[in-house]
Amino acid sequence: MEITFVKKILADGSPCKKCGDVVNKLVSSGQMDRINRTVIADERDPESEGLLLAKQYDVDRAPFFVVEEAGKETLVYTVYMKFVKDVLNQKTEESEELKEIMENNDDLDFI
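Participant: Explanation requested: helix 2 (residues 49-56) in the structure shown.
Facilitator: For an α-helix, 3.6 residues make a turn, and residues three or four places apart therefore share a direction. Among the residues of helix 2, G50, L53 and A54 are the ones counted as buried. On an axial view of helix 2, the arc spanned by its buried residues comes to 100°, and they lie on one face. Exposed and facing more than 90 degrees away from the buried side of helix 2 are K55 and Q56. Its buried side turned inward, helix 2 meets strand 1 (2-9), strand 2 (37-42) and strand 3 (64-68).

Participant: Is there a simple way to think about the pairing of strand 2 in this case?
Facilitator: Where a strand is regular, its side chains alternate between the two sheet faces. When strand 1 meets strand 2, the two strands line up parallel, connected through 6 bridges. By the bridge assignment for strand 2, K8 is matched with A41. Taken together, strand 1, helix 1 (residues 17-28) and strand 2 constitute a β-α-β crossover, and its handedness is right-handed.

Participant: Mind showing me how you'd approach the sheet that holds strand 1 here?
Facilitator: Strand pairs in the sheet, formed through backbone hydrogen bonds, run parallel or antiparallel to each other. With mixed pairing, the 4 strands of this open sheet are ordered in space as 2-1-3-4. Pairing within the sheet leaves two strands with one partner each, and these edge strands are strand 2 and strand 4 (75-77). Averaged over all pairs of adjacent strands, the angle between strand axes in this sheet comes to 25°, irrespective of strand direction. Pairing between strand 3 and strand 4: 3 bridges, direction antiparallel. Bridging across to strand 4, F65 finds its partner in Y77. With respect to the sheet, helix 2 is in contact with strand 1, strand 2 and strand 3, its orientation differing from that of strand 2 by roughly 90°.

Participant: How should I be thinking about the pattern of salt bridges in this particular structure?
Facilitator: Close approach of charged atoms allows side chains with opposite charge to pair. By the definition in use, this model includes 7 salt bridges. The partner of K82 in a salt bridge is D86, and the shortest N-O contact between them spans 2.7 Å. Taken as a pair, K82 and D86 lie in helix 3 (residues 80-86) at a separation of 4 residues, close to a single helical turn. Given the relative accessible area of 43%, K82 is considered partly exposed. The exposure class of D86 is partly exposed, given its relative accessible area of 33%.

Participant: Just to check I follow, could you spell out the pairing of strand 1 for this structure?
Facilitator: Looking at chain direction, strand 1 and strand 3 are connected through 5 bridges and run antiparallel. Within strand 3, the position partnered with V6 by the bridge is F64.

Participant: How should I be thinking about the packing of aromatic side chains in this particular structure?
Facilitator: The description of an aromatic ring pair uses the distance of the two centres, along with the angle that the planes make with each other. For the structure on display, the rule yields 4 aromatic pairs. Summarising the aromatic geometry, the rings of F65 and Y80 are spaced 6.5 Å apart at their centres and angled 40° between planes, so their arrangement reads as tilted. Of this pair, F65 sits in strand 3 while Y80 sits in helix 3, and the two are 15 residues apart along the sequence. Of the residues examined, Y80 reaches a relative accessible area of 5% and is grouped as buried. With a centroid separation of 6.0 Å and an interplanar angle of 65°, the aromatic rings of Y77 and F83 are classed as edge-to-face.

Definitions and limits used
Counting restarts for each chain, with residues numbered from 1 along the sequence as it is written. Under the rules for a predicted model, residues below a pLDDT of 70 receive no local features and side-chain atom pairs below 80 are neither given nor counted, while totals for whole chains, interfaces and linings still include all residues. Note that the side-chain values use all heavy atoms of the structure and ignore hydrogens as well as water. For every residue, the accessible area obtained with a 1.4 Å probe (protein chains only) is divided by the maximum for its type, and the residue is called buried under 20%, exposed over 50%, and partly exposed between those limits. For helices the rule is a DSSP run of H or I covering at least 4 residues; for strands it is a run of E covering at least 2, with both sets numbered from the N terminus onward. The directions considered for the arc are those from the helix axis to the C-beta atoms. In what follows, residue pairs with any heavy atoms lying within 4.5 Å of each other are defined as contacts. For two strands to be treated as a pair, DSSP must find at least two bridges joining them. Here is how to tell: hold the view so the strands point away, follow the path from the first strand over the helix to the second, and if it runs clockwise the crossover is right-handed. For helices, the fitted line uses only the C-alpha atoms of the stretch in contact; every axis is such a line through C-alpha atoms, and the angle between N-to-C directions lies from 0 to 180 degrees. The rule for a salt bridge is simple: a side-chain nitrogen of Lys or Arg has to be within 4 Å of a carboxyl oxygen of Asp or Glu. Paired rings are identified among Phe, Tyr and Trp, the last through its six-membered ring, by centres lying within 6.5 Å, and are further divided according to the angle between planes into stacked (under 30 degrees), edge-to-face (over 60) and tilted (the rest).

Rendered as structure tokens:
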């Protein structure tokens with residue numbers, strides 16, 4: 001299995017806040033060791049590898065994970081907690097998953 005982590009650099013050169021949060025979670029949990037490659041989606045460079053991957057997989061947010069496994073369809077995860085649960089096979093709290101989904105989707109709201 002090959003896992004690529006794509007994080008974003010904003011047009012002003014600063015790192016994406018959400019990307020930084022996810023990096024901190026990956027490092028503090030020891031999960032960063034499972035990431036094979038980290039690439040940058042640099043808003044200042046439309047040809048940056050991360051932006052090309054985003055275009056290839058029709059992803060419009062960062063960070064995201066591309067999971068490739070021989071003989072299987074490539075999977076893309078834009079929700080960190082779902083990636084952790086599905087790919088890294090680690091237990092997550094439903095409340096954490098819902099919080100991340102809500103934060104990533106401005107058009108959603110609690111009822």
